[in-house]
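Summary of the model geometry
Each chain is listed here by its residues.
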Amino acid sequence: MWINMGPQHPMTHGLWNLRVRIDGELILDVDPEMGYLHRGIEKISEDRHYNEIITLMDRTCYVAGMAWETLFVLGAEQALHVTPPERAEWIRVLSEEIQRLGSHIMWYAAFVQDLGLMSPFLYGMRDRDLLLDLLQSYTGARMTYEYNRVGGVRNDLPSGFTDRARKVCDWLEDRFREYDALCLGSAIFHKRCDGLGVLKAADCVRLGVTGPMLRSAGVKRDLRKDRPYSAYDRVDFDVAVAEGGDVTGRYLVRMEEMRQSVRIVRQALDWLDRNPGPCLAENLPRWLGAPYAPVGREGYLLRRNYPKGLGFSAIEEPHGEALAYVVNEGVEHPYRVKLKSPIFVNLSAAKEYLVGYRVADIPPIMGSVDICVGEVDR
Amino acid sequence: MTGAASGVGPDRLLARFPQGILGIDPFPGTAGRLRFDPAIALELFREVRDTLGYTHLAMVAGIDWVQTREVLYAVWSDAGRRYLLLSAQLPADHPHIESATAVWPSANWHEREAWELVDISFDHHPDLRNLLLPTGYQFHPLLRSFKLHEPEELEVKVRDV
């Protein structure tokens, strides 16, 4: 018998439908149905100025907008032959790690609630607010930042920011111990997570699964280490890995990643304290540097001799490996923007980690995948 | 996985496919962009995975160049720690290429997406049906012929008045 879990179901954490074929409680087959949130972001990008696309990137993944902004501007900078100043690269590292913390805590809050533990949800949301406050203090927004620019970032950090951020880091490090005590010390947690949704390393590689799901199977692949972008080659951190590839392993990987993110944030804050400077490239072409591109004849004259280019960028987004391919044909909007979402692939492997388990196991297993439908459907 | 050691460049395949590989362009940040003839697709994918060690297919992108249609694969090598881009130009009247699912099963959803959005059909794909668009949708939105609106003309008119 086929049943629909979704599009309106507490398990989905977004708008999608998991069709499940069951025999009693046993899962025989699954078929994820996507597309409820398809907004055609890649198509709309073909009609927009580069800096206007950043608005769309925030909406691609609504819990990790900063990561997607960074991904796109890295690709666009390569396509447009623009180099950002070093301070902008460090601010990007800082923003991305604050975003990773926010995304992982959001995941923690939603996932633990799926297991029936209510209090961690409230603690998680409380602590995430501090991170959003930090982001708001220098981007002006809590969710859709529009902060990155092709060639750097929009504005510098406000005064007193680094001290406030360090206080938040101290606070969070204490809270992580509480998180672990609430989950790893709970019998409910272990009964609902241990040994469930197993995806072994070989299967992860075969199916293209990346991010915490891959690292929970013991594969040490993290693009921040393996193919450093921005200033990640200058920060010191460890790649979090676990064994087993089950739901508990994914929990452990994300928890360790949060501790490492705090480490990176501290290093970035120290560097930014010591090295003032510009955070937006100064030699930007005029049509690119302006908040809105000059249009009509003026815009044409400015950009007519601009060289073509191709851009390819890859970042370790909170959910895994995200790629962008940007084609610049010498006009003020890209010819094509292709985005690859990590969850898109992690979800395509659903059959491998769901079949054989029970219907009641679906919420913890899908929760541990950390789904953000916005970036799957784009 | 014999030659999966780091540092194996894609030019190693030139002797194996003297006709099929049309060129290898440098592409900063990757091992290069390899242009190939779609006729050798499946054999090339096997060699890229087994000889060069690119075990992870990261992305399949379709690009509509109006006269032709490009399909672009990004593959990752854990040993070499870098990406390689594989690109093929397909005729626009019937763009089709062998599915990569036989070599990299992760190509499944990527190819479904490229099929419905850019109208590239993948031969021997196990499950080629709509993914992001409703079943039976008649259009391919990422083709250049699918127009949203004409913002440039609108803006020019407003400024000229």
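What counts and how
Residues numbered from 1 in each chain as written. Chains lettered and ligands numbered in written order. Predicted model: local features only at pLDDT ≥ 70, side-chain atom pairs only at ≥ 80, totals over all residues. Heavy atoms only, no water. Helix = DSSP H or I, 4+ residues; strand = E, 2+ residues; numbered from the N terminus. Buried < 20%, exposed > 50% of the residue type's maximum accessible area, 1.4 Å probe, protein only. Contact = heavy atoms within 4.5 Å. Axes fitted to C-alpha atoms, helices over the stretch in contact; angles between N-to-C directions. Parallel < 35°, antiparallel > 145°, perpendicular 65-115°, else oblique. Left-handed = near helix turned anticlockwise from the far one by under 90°. Nonpolar A, V, L, I, M, F, W, Y, C, P; charged D, E, K, R; others polar. Salt bridge = Lys/Arg side-chain N within 4 Å of Asp/Glu carboxyl O.

1. A closer look at the environment of Val103(B)
Residue and element names in this part refer to chain B.
- Looking at the element boundaries, valine 103 is found in the loop between strand S6 (96–98) and helix H2 (107–118).
- On the basis of relative accessibility, which here comes to 3%, the residue valine 103 falls in the buried class.
- Residues valine 103 and glutamate 43 lie 60 residues apart in sequence; the distance between their C-alpha atoms is 9.4 Å.
- Each residue touching valine 103, except ones within four places of it in the same chain, is listed here: Leu42, Phe45, Arg46 and Arg49.

2. Some details on the packing of helix H6 (residues 161–184) of chain A against helix H11 (residues 247–274) of chain A
Residue and element names in this part refer to chain A.
- Here H6 crosses H11 at 170°, and the two axes come no closer than 10 Å. When the axis of H6 is compared with that of H11, the two are roughly antiparallel. H6 and H11 meet at a crossing whose hand is left-handed. Each of Phe161, Thr162, Ala165, Arg166, Cys169, Asp170, Glu173, Phe176, Tyr179, Asp180, Cys183 and Leu184 in H6 lies in contact with H11, whose residues at this interface are Tyr251, Leu252, Met255, Met258, Arg259, Val262, Val265, Arg266, Leu269, Asp270 and Asp273.
- A breakdown of the residues in the contact of H6 with H11 according to their chemical character gives 14 nonpolar, one polar and eight charged.

3. Comments concerning the pattern of salt bridges
Residue and element names in this part refer to chain A.
- A complete count under the given rule lists 50 salt bridges over all chains for this structure.
- A salt bridge links aspartate 127 to arginine 126; the nearest nitrogen and oxygen atoms lie 3.0 Å apart.
- Glutamate 173 serves as the salt-bridge partner of arginine 266, at 3.0 Å between the closest nitrogen and oxygen. Here arginine 266 is found in helix H11, whereas its partner glutamate 173 is found in helix H6, with 93 residues between them in sequence.
- Judged by its relative accessible area of 23%, arginine 266 is partly exposed.
- A cluster of three or more residues bridged by salt bridges with shared partners is formed by Glu96, Glu97, Arg100, Arg215, Asp222, Arg224, Glu257 and Glu316.

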